[in-house]
Every structure is written in C-alpha cells, then in structure tokens.
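# Inside the fold
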Amino acid sequence: MKPAPFVHHAPRTVEEAVEVLARVGHDGKVLAGGQSLIPILNMRLASPAHLVDVNAVSGLDDLTVTADAVRVGALVRHARLEHDQVVYGASPLLRRVVRHVAHPVIRNRGTTVGSIVHADPAGEMPAVLALTGGVVEVASARGAREIPCHDFFLGPMETALEPDELAVGVRFPLFGATTGTAFAERARRHGDYALAGVAAAVAVEDGVVSSARLSFVSVTDVPGILDVTEACRGQAPGEIDWSACDDLVREHLAPEDDIHATAEYRAMLATQLAHLVLAEAATDAVAAQGDSAA
Amino acid sequence: MTTQMFGAPIRRREDPRLVTGGGRYLDDLGRGALAAAFVRSPHAHAKVVDIDVTDALDVDGLVAIYTHEDLPGRVGEPLPLLIPHPTLTHGRTQYALAKDEVNHVGEPVVMVVARDRYLAEDACARIRVDYQPLPPVVGLEAARTGDLLVHEDVPGNVAAHMLQEVGDVEAALAASPHVLDLDLAIERSACMPLEGKGVYARWDADRDELRIYSSTQTSTGVRAAVAAKLGMPLAKVECIAPDVGGGFGVKINHPWPEEVLVPWVAKTLGTEVKWVEDRREHFISSAHERGQLQQVRVGFDDDGRLLALDVRFWHDNGAYTPYGIIVPIITSTQLLGPYKPGAYRCEFWSLYTNTVLVTPYRGAGRPQGCFAMERTMDAIADELGLDRTEVRARNFILPADMPYDHGLLFQDGRPLKYDSGDFPATLEKLKALVGWDDFAQYRMEAEAAGRRVGLGIGCYVEGTGVGPYEGGHIQVETSGRVNVSTGLTSQGQGHETAFAQVVAQELGVPIEDVFVTTGDTRRMPYAVGTFASRAAVMSGNAIALAARQVRAKALRIAADALEVAADDLEIVDGVVRVKGAPDTQMSLGTVSVMSNPLRYAFDEAAQAATQFAHGNDPDRPPVAEDDEPGLEGRDFYSPTQATFANGMHAAIVETDPVTAEIRILRYCVVHDCGPMINPMIVEGQVHGGVAQGVGGALYERMVYDESGQLLNASFMDFLMPYASEVPHIETDHLETPSPLNPLGIKGAGEAGCIPVSAVIASAISDAEGFAITSMPISPVELWELRRRHEAGEIPSLRNHDATTRKPR
Ligand SMILES: Cc1cc2nc3c(=O)[nH]c(=O)nc-3n(C[C@H](O)[C@H](O)[C@H](O)COP(=O)(O)OP(=O)(O)OC[C@H]3O[C@@H](n4cnc5c(N)ncnc54)[C@H](O)[C@@H]3O)c2cc1C
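Rules used in this analysis
- Residues numbered from 1 in each chain as written.
- Chains lettered and ligands numbered in written order.
- Predicted model: local features only at pLDDT ≥ 70, side-chain atom pairs only at ≥ 80, totals over all residues.
- Heavy atoms only, no water.
- Phe/Tyr/Trp six-rings, centres within 6.5 Å; stacked < 30°, edge-to-face > 60°.
- Helix = DSSP H or I, 4+ residues; strand = E, 2+ residues; numbered from the N terminus.
- Buried < 20%, exposed > 50% of the residue type's maximum accessible area, 1.4 Å probe, protein only.
- Lys NZ or Arg CZ within 6 Å of the ring centre and 35° of its normal.
- Axes fitted to C-alpha atoms, helices over the stretch in contact; angles between N-to-C directions.
- Parallel < 35°, antiparallel > 145°, perpendicular 65-115°, else oblique.
- Left-handed = near helix turned anticlockwise from the far one by under 90°.
- Contact = heavy atoms within 4.5 Å.
- Nonpolar A, V, L, I, M, F, W, Y, C, P; charged D, E, K, R; others polar.
- Domains from an automatic or database assignment.
- Buried area = accessible area lost by both parts, 1.4 Å probe.
- Salt bridge = Lys/Arg side-chain N within 4 Å of Asp/Glu carboxyl O.
- Near = heavy atom within 4 Å.
- Polar contact = N/O pair within 3.5 Å; in protein donor to acceptor, adjacent residues only side chain to side chain.
- Areas by Shrake-Rupley, 256 points an atom, 1.4 Å probe, with all protein chains shown as cover.
- 1 Å grid on protein atoms, 1.4 Å probe; cavity = no way out; pocket = protein on both sides within 12 Å on 5 of 7 lines; lining within 4 Å.
- Points joined across faces, edges and corners; volume = space filled by probe spheres on them.
- Pairing = 2+ DSSP bridges.
- Core = buried A, V, L, I, M, F, W, Y, C linked by side-chain atoms within 4.5 Å.

Note on aromatic pairs: each is described by the distance of the centres and the angle between the planes. Residue and element names in this part refer to chain B. Counted according to the given criterion, the structure contains 16 aromatic pairs over all chains. On the basis of an interplanar angle of 25° and a centroid distance of 5.2 Å, the ring pair of Phe-313 and Phe-348 is categorised as stacked. Taken together, the residues Phe-313 in strand β14 (residues 306–316) and Phe-348 in strand β15 (residues 343–351) connect sequence positions 35 residues apart. The buried category is assigned to Phe-313, whose relative accessible area is 0%. Phe-348 gets classed as buried once you look at its relative accessible area, which sits at 1%. When the centroid spacing of 5.8 Å and the interplanar angle of 40° are considered together, the rings of Phe-439 and Tyr-442 count as tilted. One end of the pair, Phe-439, and the other, Tyr-442, are both in helix α12 (residues 439–448), 3 residues apart, so they sit about a helical turn from each other. Owing to a relative accessible area of 2%, Phe-439 belongs among the buried residues under this scheme. Following the ring pairs from residue to residue traces out a cluster consisting of Phe-283, Phe-715 and Phe-718. The ring of Trp-314 carries Arg-144 above its face, with NZ or CZ at 4.5 Å from the centroid.

Residue and element names in this part refer to chain B. It is at 8 Å that the axes of helix α17 (residues 679–699) and helix α18 (residues 756–768) come closest, and there the two elements cross at 55°. The orientation of α17 with respect to α18, classified from their angle, is oblique. Crossing angle aside, the handedness with which α17 passes α18 is right-handed. Between α17 and α18, the contacting residues are Val-690, Gly-693, Val-694, Gly-696, Ala-697 and Leu-698 on the first element and Val-756, Ser-757, Ile-760 and Ile-764 on the second. Partitioned by chemical class, the residues of the contact of α17 with α18 number 7 nonpolar, 3 polar and no charged.

The next point concerns the domain arrangement of chain B. Residues and elements named next belong to chain B. The assigned domain composition of chain B is domain 1 (32–134 + 197–276), domain 2 (387–465 + 641–803) and domain 3 (467–637). Between the C-alpha centres of domain 1 and domain 3 the distance comes to 41 Å. With 15 residues of domain 1 at the interface, the matching set in domain 3 holds 18 residues. Here domain 1 packs against domain 3, burying approximately 1,100 Å² in sum over the two surfaces, 47% of which is carbon and sulfur. Looking at the side of domain 1 that touches domain 3 residue by residue, the classes come out as 5 nonpolar, 7 polar and 3 charged.

Moving on to helix α8 (residues 326–334) of chain B. Here α8(B) lies mainly inside the structure; 9 of its 9 residues are buried. Those residues of α8(B) lying buried are Ile326(B), Val327(B), Pro328(B), Ile329(B), Ile330(B), Thr331(B), Ser332(B), Thr333(B) and Gln334(B).

Take the interface of chain B and chain A next. Each partner contributes residues to the interface: chain B has 32 residues there, and chain A has 22 residues. Taken over both partners, the interface formed by chain B and chain A buries close to 2,400 Å², and the fraction arising from carbon and sulfur atoms is 63%. Put simply, chain B and chain A have 3 salt bridges between them. The residue Glu661(B) makes a salt bridge to Arg186(A) at a minimum N-O spacing of 3.3 Å. At the level of elements, α2 (117–126), α7 (279–285), α17 and α19 (779–790) of chain B are the ones that each hand at least two residues to the side of chain B that touches chain A. A breakdown of the residues in the side of chain B that touches chain A according to their chemical character gives 17 nonpolar, 4 polar and 11 charged.

Once that is clear, we can look at the site of the ligand. Residues and elements named next belong to chain A. Around the ligand there are 30 residues in total, and Val-30, Gly-34, Leu-37, Thr-111 and Glu-124 lie nearest to it. Here an oxygen atom of the ligand and a side-chain polar atom of Lys-29 are 3.5 Å apart. Within the backbone of Gly-34, an N or O atom sits 2.7 Å from an oxygen atom of the ligand. Contact with the protein chains covers 91% of the free accessible surface of the ligand, which is 970 Å². Among the elements of the structure, β2 (28–31), α7 (112–118) and β10 (166–173) are those that each provide at least two residues to the shell around the ligand. Broken down by element, the residue count for the shell around the ligand peaks at 5 residues, all from α7.

The next point concerns the environment of Pro795(B). All names here are of chain B. Within the secondary structure layout, Pro-795 lies in the loop between α19 and α20 (802–805). As for Pro-795 and Ala-624, which are separated by 171 residues in sequence, their C-alpha atoms are 80 Å apart. Dropping the residues within four chain positions of it, Pro-795 is found in contact with Phe-770 and His-789.

Residues and elements named next belong to chain B. The step from His-254 to Pro-255 runs through a cis peptide bond, and the omega angle for that step is -10°. Following the sequence through the fold, Pro-255 ends up in the loop between β11 (237–240) and α6 (257–269). Along the chain, Met-775 connects to Pro-776 via a cis peptide bond; the corresponding omega equals 0°. Along the chain, Pro-776 turns up in the loop between β29 (774–775) and α19. At Asp-208, a residue that is not glycine, the phi angle is positive and equals roughly 50°. Mapped onto the fold, Asp-208 is located in the loop between β9 (198–204) and β10 (209–214). Residue Phe-248 is not a glycine yet carries a positive backbone phi of 60°. For Phe-248, the location among the structural elements is in the loop between β11 and α6. Given a relative accessible area of 30%, Phe-248 falls into the partly exposed group.

Attention now goes to empty space enclosed by the protein. All names here are of chain B. Across all of its chains, the model carries 5 cavities of 30 Å³ or more by this definition. Lining the largest cavity we find 15 residues, and of these Arg-290, Pro-367, Gly-696, Ala-697 and Ser-757 sit closest to its centre. Top element by residues in the lining of the largest cavity is α17. It accounts for 4 residues. The residue inventory of the lining of the largest cavity, partitioned by class, reads 8 nonpolar, 5 polar and 2 charged. Around the second largest cavity sit Leu-79, Pro-80, Thr-93, Gln-94, Asn-253, His-254, Pro-255, Trp-256, Pro-257, Pro-322 and Leu-357, which together line it.

Looking now at the pairing of strand β17 (residues 415–418) of chain B. Residue and element names in this part refer to chain B. Of the two faces of β17, only one is covered, namely that formed by Leu-416 and Tyr-418; the face formed by Pro-415 and Lys-417 stays uncovered. As judged from the 3 bridges shared by strand β16 (residues 404–409) and β17, these two strands associate in the antiparallel manner. Residue Asp-405 lies in a different strand from β17, and its bridge partner there is Lys-417.

Turning our eyes to something else, we now look at the nonpolar core. Ranked by size, the top nonpolar core spans 155 residues in total, and within it Leu214(A), Tyr418(B), Leu698(B) and Ile760(B) carry the most contacts. When residues of this core are assigned to their parent elements, the largest contribution, 12 residues, is made by helix α11 (residues 263–293) of chain A. Not counting residues up to four positions away in its chain, the partners in contact with Leu214(A) are Leu131(A), Val198(A), Ala199(A), Ala200(A), Gly224(A), Ile225(A), Leu226(A), Val228(A), Val249(A), Ala274(A), Val277(A) and Leu278(A). Leu60(A), Val76(A), Ile147(A) and Ala194(A) belong to the second-largest nonpolar core, a separate cluster that totals 52 residues.

Another aspect to go through is the sheet that holds strand β1 (residues 34–40) of chain B. Residues and elements named next belong to chain B. The mixed open sheet is built from 7 strands, whose spatial order is β3-β5-β1-β12-β9-β10-β11. Each edge of the open sheet carries a strand with a single partner, namely β3 (62–66) and β11. Neighbour-to-neighbour, the strand axes of the sheet open up by a mean angle of 20°, direction not taken into account. Bridge count between β1 and strand β5 (residues 108–114): 6 bridges; the pairing is antiparallel. In the sheet register, Ala-35 faces β5, and the bridge partner there is Ala-114. Strands in contact with helix α5 (residues 219–230) are β10 and β11; relative to β11, the strand with the most contacts, it is inclined by about 150°.

Spelled out as structure tokens, the structure:
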C-alpha cells in the first residue's frame, strides 16, 4: 500500500503543465483530486515515473454558467458543483447526480473533470456528460482542441486523451425549457459505485413527449445516449407505459457479472430504474413548464 | 454521600482524547524506527523452490533481507499452538517466514528491513520467489471431500473431529412425533478493526532489554511468547499495548509472525524496527471467521417441545490452527441458547483450507450456533403453525431451573452451566418493544400498499467472563490520586471509564482522581487478555477486590490516627470521616502518607500527616510485621466457570417486491448482562455489535475464487456497512445479577452481533414465505432465490407464520 518512486511536478500555469506533460506524459500521470489515482498508486496497480500535480495550476478552478452550458474547470471539486446555486438553477440534473458520487469527503477533493477523464463505466459524471452531449476541452503543447463526448469515451477507463494532453475543463450543455431530467441509481451501500444507474432527459411539448433519452451508469462499457423517443413519442406523460422502452434498453445494455451482482440482475435494475427516471423526467418537464407559465 | 458511580451512564473519559486526534496508536510511535515489509505468497498453495534477492540488494536504504533459513533456533520453528485440545489431533501452525511451503495467499515468505516503508516495499517488489504451485483447497465443500489436501500429512483435511452427546439422540429421534432436517450455511467475514495489526520493537543495548509495543489484545501473551521465542528472560522483555484501534478478536491470537520477527530483528540489529499492517495485508494475512456448513435434525412433540437435537457441522479453520478449535467448540455448545434441547448430540469437523486462518471474531462461533438453533425454532413453528415466540417460550430454561447444567464441556474445559437469566421476562420485554402482537395489522396495511415486510426474532445465551483470571492493582498517592492498573488491554471498550467507576464506587473517591492503565506489563505482569466479553467481569471484579483491600487498609490507618473504630468511618469524596461527625476526618492522601513512614517530609501532605502521628512506639517497627508500606491493594479474580449473559433481538425488514433490496425498518434489542457498570457503554457495545452483525448478515463476505485468490481484499469491495446501512437500534435491558462474582456482572462485549444473521434470516423468510438457509444474503441472491421458489425448487413455508399474519 505504498506507491513506487515517482517524480513530483508542480506546475503553476497551464503552459508549464502541458510543457511538463510533453516531456513526461508518456510515462506520467496527471494528479488532480487523487481520489482514483492515489489508491491505484498505493496498491502499485500503476507506477508512473512522473506525477504532474495540477492542483496549484492557476485558472483551472472556474465554474461558470453561460447561456447554453455549465462549464466546469479541471480543478472544480465535485462538492462545489454540488453546492453551487447558480449551477443548480441552470441544470438541476448536475446536483442530482453528483450527490451520488461517493461521500462528502471524497467529493471535497475529487474533481468532476478527473472523474470524466478517469472514464470509469461506473462513474456518474461521464454518463451525465453523455446525456447532455457535452464536450471536453483539452490543452497540450501542440495546441488546444475540443473533444465531443461521443468521441471522447473509447472504452472502460479509456479515452481519446493523449498522454501529453491536459483536460482543462468540460462543458455540460443546458437542456431547453421543455426538457425535464431525472437520475436514479442503486448501490449496495449508500455512496458506493452503483450496481446500475440511469439518467433521463425527457422533452414534453404541447402536453406530449417529443423526445426521451437515457444514459447509463455501470451497465454499459462506454457512456452513451440511448434515444427511446420512438417508444413514447406523442403520448401524454401520465399515460405512458414506460415498459415499452424495455426492449430498446435491454439491447443497449452490456452489463457484466461481478462479485456484487449478476449481469442479469443489473439489467433488471437498469430497466426498472429507466421506468422510474423517465416518469420523473417527464413530470419534471411538465412542472418546469408550469413554473415558467406561471 | 458520594455520587453513585456504579451504574451511572457517564460519558467515556477517553473519548475527548480519542476523537480529537489525541490517541496514540501503534503507527504514531517510533517515528525514527526502521521499517519492515514482507514479501507474501501470491499462491494459495505452493512449494517454495527458490528465493532470489539479488535485484533488491541495490535498493537505496535497504538494511537487511531475511528468509526462513536466516531465522535462528526457535525463531525458525513453527509458531505455538496456543490452545491444544485432545480432539485437535492434527493441529498445524505456520512458520514466521514460510519454510518450504505456503498454504494461503498472503503467507509471509521474506522480510525486508529498510530505512522507511516505501523503500522496504521497493525492495520487496524486486525479490523473486520461485514457486511450484500445488492444487489449492478452497471452500468447505472442497475440504470435506478430502480429494485434495492442504497439509500432506493431514488426511481428509481434518484438523479436529469432536463429538459431544447428552442423552440418547437416536432413541429420542425415533420416538419423536415430528422430525425436521435443515441444511444451513454461513459464510466468512472478518473482524476488520480500522487499525490493523502492528508491532514496534526497541532494543536497549545498554540494558540488554527489549521493549515491544504491539496493537494486541494481550500484551502479557505477546511478552511471554516473544521471550520464549528469543530465549530471553521475562525480566528483560516488556510489552505495551498503546491505544488500539479495534480488535474484535483478531488481535488475541499471538504471536503473529510479525510479532516474533520484528522484535527479533530489533534485537539482532540492535535498533528499533516497526511494521504496520496495511489493509490488503489485513485481508490476506490476518484472520477471518464464521464459515460453516451445518446439518440439523430435530425431533419435537406436538407442542413444539424439543425432544432431540442432532447437529453436525463442518467448520472452515483456514490454513492453520494457532488458536486451536475454540470457535467450533463455542458453536457446538452455545448453539443451545436459552433452550432445553432434550437429547443433544453435536459433532463437528474442523477442516483445513488454503485460505486465511480462522480465529475468533466477536461472537466467536456463537453467531453460527445461534443461526442453526434459531432457524430450527422457526422451522418448528412453521411446521406446527405456532407463533414463533410461543415455540421458543415452551422450550426455555426457566429461572427456577438455574443454575442449569447442560452436561457439556464449554470452551474453557469447564461445565456448560448457566448461572442466571430470566428468559421469559426477556422475551416479554422484546415482544413489547417491537410490538410483536401488533405486527399482523402492520403487515396487512403494508401489503395493501404494495409493500412486503417481515418480522424476525433471535435469542441467544453467551458464556462471558471466562477465566483463568485477571488482576487489579490500586495505589493511592499522597496527593490523593488513585492509580489503577489491570493487565488486560483496551481496544476502545471504555475501560478507562468503567474501571474508574468501579474504583470510585468501591473506594469512595471522585472519579476525576482515578487513573486507569491497561495492557502494560510493567504495571501488571499477570494477565490474560481482552476477549470473550471478559474484561468487565474479570478485571472489573479484580479491581473491585483490590479497591476493597485499599479501603480496609485506609480505614484501619485512619481509625488508628483518629482514635475511633474503623466501623465508625466512611470514605466520601476521597475523605475518610467519622459517620455522623464529618468534621473528624482526614483525606485519603494523608492516609497514604501515613501508610508509608518515610524519614523525609517532602511536602505539605507529609507535614499534615505528622499531626496524626502518635509518637513512635520504640517496641514496634515503623512498618508492622504483617503490613506493607503504601496505601495499595492488589487482588485477582479467578472464577470457577463462565457467567452467562443473554439477549433477544427482533427486526422488521422490508424487501422490494421487484428488486429484492432488503431494508431493516426496525431493530430491537433486549439484553441482560446483569447490573451495568455504565449503561451508556453497554449500549455502545450493543450498537457496535449489531452494526457488525448487520455487516455479517447483509453485506460482508470473503470472495475467494477457485484458485484461492481473495477477490475483494479492500474496503472498496468488502462491504462493511456504513452508518447509512446500520439501522436505528432500540434497546431495553434486564439486570439479572450473576451469583458468581462480587459485582454480579456478566459480559456485554460480543452480545450485539450474535443473533443478527438469525434475526434477519427469520425476518426475510417471514417477508418472502420461504426459508432463508444461508447467510449473508444480498439483493441479487434474494432475487435468485425468489426465482427458484417460483420454479418450485424451494418450498414455501407451510404456515407462513399463521400468527403474525392474522391480526388478533
Ligand atoms: C471511496 C471512494 C468512492 C468513490 N465512489 C465513486 C462513485 O460512487 N462514483 C464515481 O463516479 N466516482 C467515485 N469515486 C471516484 C471519485 O469520483 C474520483 O474523484 C474521480 O473518479 C477522479 O477525480 P480526481 O480529481 O480525484 O482524479 P485523480 O484521482 O487525481 O485522477 C484520476 C485519473 O484521471 C486523470 N486526470 C485527472 N484529472 C485530469 C486532467 N485534468 N487532465 C488529464 N488527466 C486527468 C489522472 O491522471 C488519473 O488517471 C470514488 C472514490 C473513492 C475513493
């Protein structure tokens, strides 16, 4: 439980950070909140020769809400995203979801961007990035680029980020006024990685569903969007039998057995949770429109 | 009057220190010490062919590397088998470092000492050990077939085979109107103290002395074991247990390999060396418990009264048996709980597997026994369509039957003889607390709302306070400060408070003046250790006896000085005074001065004492022939047998009809440990025990794969319950005194966890309508069981508890 030797780098600016990464990135790791990386180092599951600690880099801790997105800088801790009222006003989904990431002490330290870069299929924040159609902003000595989430996640714990690249922030686009959202998950213990989790965004226009999308936690390899609109389009939220989505959901899932649950059980949970969050998101959509009408 | 201290729910005096970072645990000591680290076997079963340390030699800061062949004399011999037993015919213990063979993943093979732990681990990573893998024996089923062997010379993997029978079970079964068979299983869990093991040893070259700090439950045991291994006089070895962050049993086994090796290497290198176990090490190289397969055959009459109980079980003792077969012996005896079993036969096989060894974990075999008995009680109730509490009540040993001798031998080799308890009263309290008779109504309402709920119950009797003895030493300083020492150790039980309450009460001093030291062989060299819910019973009584000595001596000296009869004196708030004439008085501090006739007056207390001096009688020595200087007392308490506490728990659970998630809605405990020294501490013990029990019932298991790798050796995957998983616990108490000891007390340390698996299984069965026979249980397992039940592979309960279903 003691890490192997490494060289600790503590850059102060993004320029310095990417310069160090250009030199050592192939044999190094970015250290953000350390809530995933440190356990891996302690157990010597990885022994990078260099740690590029970005905690002292200036300009990475901005949390901003623009007209069309919530932008989260690389040093914004989960806890800040959770508690920020302006963010909550713009995107209630983010708070609803980030509360399911671990426990308060871990959220105080762990970063949302780190979570996304870590790309654990059991992580909640990658699934939200997928549902919102978000973007990862990347810097390197070679220049800046943006990677849309559907190109970003390549596999379990695998992303399109190159070893010399630093994720400087992510943007979660905002949904329109007609869209409601919801999230639910089930874990063995409160705050654990979920056995299954589902996020939903449902748009209701003129009293009927015009679009319904889902993304999943712990039951797919890579976070992605499942569009289930065809199973419920044109129906009034109160009258929908959400189990009409089950076939689409099952086809989309790729759950696996592990010591906590069987694949079959996870699939059952995911379909049940899908019913729950679709209904809640539809209600949320109707309520939001009621609010704005009032 | 002195405030009543015995029985007062005062806050624990150690807590401000412990919860504000003031505790000093093993790793807080020895900052400058060299660090030890271990290369441990990655194989469950293998021959050690070759060890190549070449690559490790140029690690900066390396001090030494040791393998088995470097260990001299007794250090290189197998560790002791602490508790031999005639039926333990094939006891085996490990070498401190593996010699030719490893028998579980995690067994230590090489020890590295370096400037710090990081460097020691770096060196470990470079050591190459060649193994020739052997087929491993994993799990009880594999061990039981005996096709593959853990130890070549142990046929059938049987370490011990034991049978006890009272009455003629075959005949009683044949004559029983009803006979039922149950197949039951309990999986492994573990103590999991938040502080793992650790040992720090300092060699004092000027005095040829060894000081050992160990995170242990027995400092006297470690001291004696190390002295024996190192061939040192006991006088040259001392052992201290600092603050210990939990034990729960795993730290009573000793000496652990590291407890021998670290002191040995400190002596060999003439320096100080420390090893602190990390979490992964704790999972794979400490100890687990609980794993058993059980078969019960029970015969009973039409009223549900037991006529014959025939139990066979297979106990997984892991790779070695350093702690003997205490755990299965306890299962086989404590299984009986509060009941008269009719004819009773219990046969068990303690089997080797290539997994981490098994030593007592809080409850120590009782949770398994309670599970067997209580599942049986529920099965009888269901068979006959009787209320589950009624069947239990009909089988109770009654207060008039006490003392009740089961005719069996208990874990201490002494008769299993209950001293006290009022089981019918305990049950009545529990039924009232949980609202047993109102549950049918509650269930009807819940079911109408689409919810599924169940009610469960479990009863147990716990032999506590086993011998052989503990001691107490009390010394009053001239300032009035009262120093109390007992040799057993503390792992968070609140001894600094509870023992101080006993002394404050017995001696009549303010509790603020009482200072308790535990687990330090310099202060009390005679002791056994903290386990088996024995600290309050053993040390509590020893300390009370010592306090009574001090009190008698104080009264004698004061009576002499004040020229009154000792009977006319009382001690209140640290002052000896004449009853009814409180102005005639002297402080205990002054008595302490007088008890120690010095030539020199150091301070005011000493000068004050001179006013009471009656001139020197030239014919009498300053210290009388039958007296000793000092206001001190030392006494020991050594009982003829254990004292038996008891309790009953009930729970209401809810199971999700679709996802099979399990939630405990209410958890009720009625507990009888006799008079409570501090009810708040007892409740804390009960709460902690229930929390561990909930872990064992719903969350924790040791997931070994077929090659003997422990797949969940971290807190990420070994699901210890968080505060969020532990239900609110409702408690009520009976205080039936034990006739066996001066304070009338019985132990409470393990109680909370004993019946939890039985209770939760009972409640889930009640919710689901089929019997739960294997614990722990997770949502996915319940979900699978439902499918098997629906497919007709698991029978429905016959009566699905007719009585808790029908409202009265
Ligand atoms: C007990 C526990 C429970 C947890 N439970 C959950 C849970 O339920 N759900 C969940 O989603 N997560 C959970 N986590 C993980 C937590 O969310 C982590 O905070 C998160 O996964 C990583 O964020 P971090 O800032 O700590 O990243 P680090 O641990 O510092 O880094 C993680 C990885 O991302 C890389 N990285 C980080 N930031 C950047 C960057 N800006 N640019 C490039 N690479 C970067 C690192 O190199 C590393 O490979 C849990 C963690 C713990 C310890």
